Amino acid sequence: MADAKRYEAVYIVDPALGDEGIAAMVEKFKTLVENNGTLESVDQWGKRRFAYEINHMNEGYYVLMNFTCGAEFPAELDRVFKITEGIVRSIIVAK
């Protein structure tokens, strides 16, 4: 990957999914990134309280991923975040 860039993604999982559901969600996105680039780290921050209510929820399970990939993959990852049931919010930033 000559055009590989470093990215950071933070996403919030609905804590109502439970421990197994959250673990499955984290694993799903780890696999997606590994199949399209190089996963550098996954940092699970755990449950955090929101500053304001989002979708009638007061807290969410935060996950930070650092990865390297081609320039076309972040748009696809963002699309998958948006259509995945249980993802409250997500953001992808080029480092």
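Scroll up a little and you will see the structure.
Quick summary incoming for the structure in this document. (Residues numbered from 1 in each chain as written. Predicted model: local features only at pLDDT ≥ 70, side-chain atom pairs only at ≥ 80, totals over all residues. Heavy atoms only, no water.)

**Quick notes on the pairing of strand β2 (residues 37–54)**
As judged from the twelve bridges shared by β2 and strand β3 (residues 57–69), these two strands associate in the antiparallel manner. Bridge assignment links Val-42 to a residue of β3, and that residue is Met-65. From the end of β2 to the start of β3, which pair antiparallel, there are two residues, and Asn-55 there has a positive phi angle of about 50 degrees. (Pairing = 2+ DSSP bridges. Helix = DSSP H or I, 4+ residues; strand = E, 2+ residues; numbered from the N terminus.)

**Notes on helix α2 (residues 73–83)**
Along α2, the residues classified as buried are Phe-73, Pro-74, Leu-77, Val-80 and Phe-81. Buried positions in α2, seen along its axis, are confined to an arc of 120 degrees and lie on one side of it. Turned more than 90 degrees off the buried face of α2, the exposed positions are Ala-75, Lys-82 and Ile-83. Next to the buried residues of α2 lie β1 (5–13), α1 (18–36), β3 and β4 (87–94). (Buried < 20%, exposed > 50% of the residue type's maximum accessible area, 1.4 Å probe, protein only. Arc of directions from axis to C-beta. Contact = heavy atoms within 4.5 Å.)

**What about the side chain of Asn-66?**
As for its position among the elements, Asn-66 is in strand β3. For Asn-66, a relative accessible area of 10% corresponds to the buried category. Of the polar contacts made by the side chain of Asn-66, one reaches the side chain of Lys-95; its length is 3.0 Å. Contact partners of Asn-66, with chain neighbours within four places excluded, come to Tyr-7, Glu-8, Leu-39, Glu-40, Ser-41 and Lys-95. (Polar contact = N/O pair within 3.5 Å; in protein donor to acceptor, adjacent residues only side chain to side chain.)

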